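# Architecture at a glance
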Amino acid sequence: MVIKHKMIFKTEGPWSDANQLMLKLDTGSWRTERPVLDKTKCNYCGLCAIYCPPQCMKDMGDHYEANLVFCKGCGICAHECPKQAYTMKPEGEFTNEG
Amino acid sequence: MKAKKGKVSVITGNVVAAHAARVCRPEVVACYPITPQSEVAETLSGFVADGSLDAEIVEVEGENSAMNVVLAASLAGARVFTATSSYGLVYMYDAMLQASGYRAPVVMVNVNRETPGIQAVSSGQQDMISTRDSGWAQIIVENNQEIIDQIIMSYRLAEDFDIQLPVMVNYDGYYLSYLAEAVEMPDQADVDAFLAPLKNQPQRPRIIPGAATGCGTHGIEMGYVEARYKHWSALERAKQKVDDIDKEFGDYFGRSYGGQIEEYRMNDADIAIVASGSAAGTAKTVVDAKRADGIKVGLVKQRLFRPFPEERLIQALKGKKAVGVIDRSVCFGWKYGPMCTELKAIAPSIGAMPILSYIDGLANLDITIPHIGRVVDEVNAAAKGKAYQDVTWIPME
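About the cut-offs
- Residues numbered from 1 in each chain as written.
- Chains lettered and ligands numbered in written order.
- Predicted model: local features only at pLDDT ≥ 70, side-chain atom pairs only at ≥ 80, totals over all residues.
- Helix = DSSP H or I, 4+ residues; strand = E, 2+ residues; numbered from the N terminus.
- Rg over C-alpha atoms; globule rule 2.2 N^0.38 Å.
- Buried ≥ 20, exposed ≤ 12 C-beta atoms within 10 Å, placed from the backbone.
- Contact = placed C-beta atoms within 7 Å.
- Axes fitted to C-alpha atoms, helices over the stretch in contact; angles between N-to-C directions.
- Parallel < 35°, antiparallel > 145°, perpendicular 65-115°, else oblique.
- Left-handed = near helix turned anticlockwise from the far one by under 90°.
- Nonpolar A, V, L, I, M, F, W, Y, C, P; charged D, E, K, R; others polar.
- Pairing = 2+ DSSP bridges.
- Domains from an automatic or database assignment.

A separate point is the overall build of chain B. Along chain B, the regular secondary structure elements total 14 helices and 16 strands. Expected size for 397 residues packed as a compact globule is a radius of gyration near 21 Å; at 21 Å, chain B falls within 12% of this value. Seen through its C-alpha atoms, chain B measures out along the principal axes to roughly 70 × 55 × 45 Å. Residue burial in chain B is summarised as follows: out of 397 residues, 52% are buried. Across chain B, the fraction of contacts at a sequence separation of at least 24, relative to all contacts at a separation of at least 6, is 79%.

Residue and element names in this part refer to chain B. Interaxial distance between helix α10 (residues 278–292) and helix α14 (residues 369–383) falls to 9 Å at its minimum, and their mutual angle equals 55 degrees. Judged by the inter-axis angle, α10 sits oblique to α14. Of the two elements, α10 crosses α14, and the hand of that crossing is right-handed. Here Thr282, Ala283, Thr285, Val286 and Lys290 of α10 lie close against α14, whose contacting residues are Ile369, Ile372, Gly373 and Val376. A per-class count over the contact of α10 with α14 returns five nonpolar, three polar and one charged.

Residue and element names in this part refer to chain B. Taken in spatial order, the six strands of this open sheet run β10-β12-β11-β14-β15-β16, and their pairing is mixed. With partners counted over all chains shown, the strands left at the sheet margins are β10 (261–264) and β16 (391–393), one partner each. Averaged over all pairs of adjacent strands, the angle between strand axes in this sheet comes to 20 degrees, irrespective of strand direction. Alignment of strand β14 (residues 322–327) against strand β15 (residues 355–359), held across five bridges, turns out to be parallel. When the bridges of β15 are listed, Gly324 appears paired with Leu356.

Residues and elements named next belong to chain B. Domains assigned within chain B are domain 1 (7–253) and domain 2 (261–396). One C-alpha centre belongs to domain 1, the other to domain 2, and the line joining them spans 28 Å. Elements with a contribution of two residues or more to the side of domain 1 that touches domain 2: α6 (126–130), β6 (137–140), β7 (167–172) and α9 (222–253). For the side of domain 1 that touches domain 2, the element with the most residues is α9, which contributes five residues.

Our next topic: the interface of chain B and chain A. Opposite the 19 residues of chain B that make contact, chain A presents 15 residues. For the side of chain B that touches chain A, the elements supplying multiple residues, two or more each, are β9 (213–215) and α9 of chain B. No other element matches α9 of chain B, which puts six residues into the side of chain B that touches chain A. The residue inventory of the side of chain B that touches chain A, partitioned by class, reads eight nonpolar, eight polar and three charged.

Okay, here's the thing in structure tokens:
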């Protein structure tokens, strides 16, 4: 058998670390809706970033923004936001963005 | 260089297993007591209490925790040991799969006992059979001397950098666990010397406090396939490694067991019996007696159950006229016993011959000399073209 596959794990066992590609699964492809922020309601409390399961909220200085490569669209940020600043919008509305 | 002659003591299989673990110097031990293994756990606790073993003993609330504890300790780089049986083995099944999937070199003793379903507190290999697809290396031994020797060899196998697999050493509950017989205890310095090569190999990956590293993560799609392929390949490599370690052990300690299989009077044999565990010892006596009667029979003692010793079995059985396989367990959903079923899979490579399956020795029933004698006679008749039964449950007839 000729192995053409380029090994992902450097080790015998499935070991990986934070610098390896293996930990960077594009979980964003699982998303059916995304959080859209109304900046006028946001008071920059940071709760969305704390609760975000894949920890993909980017700190923008006066608000947070989901990194859509990793955001699974779970909606926890919208649920936890005390100001109801997030609205979960179906991905279908963003198909033109590619 | 040769090992010193060790001190000979008359001790039970369980105490032998505990001594075997002790001389291999495990750093973490977690055993939950279960009949017929309890004496292993008790004896190891005694060793730690009296200072003869410098190990962390974790008192767990069950076997599932025991396996998770030794798995975690192994991933942190420790040498580990655990022991169980029957219900305990199946209770740790998910953690066993983690251990092999994470390629943790755990060494575990499994004292063979019947499994849940019928509350059988009695001997049988069904527990080991029930975990055969767990990805562990599984080795079966025949007597108390082989228990200690094989446990020492198992650390060489498990922790070998090319292998990195958990190893299960099986011996018959009741028959060996409580049987006291003379055992030569290898000297500590000699065991240290035999295990020393493990120190000269590359450092296997381990969890380091503070470092963002982990094992078992992200086995999705090709990550999963790759991990499985490596695991499968390591088991394939383990076969030759078992032979090599056995030879090295034999050269050093003067005792050798044939590696994957032991062939007894097989060279000029026309027919063969395949057996494992303590029954193989009885079978040797029967082979000698039948040879005296003029039947050219030999015994293949299967030591390595997983990985399946395909090549060695083909070599040993090719061209024989008939084979009888004695199983101390049942293969649910297949007509033949588990080992017979597997032997049938290599039938094209050993040539067309009658392969007779025998189920015997379940639930502490003895696999007696007359039982094995009958097997030899029937296999001999089948070799001469007589009709035979595919499967025989000896105690049911």
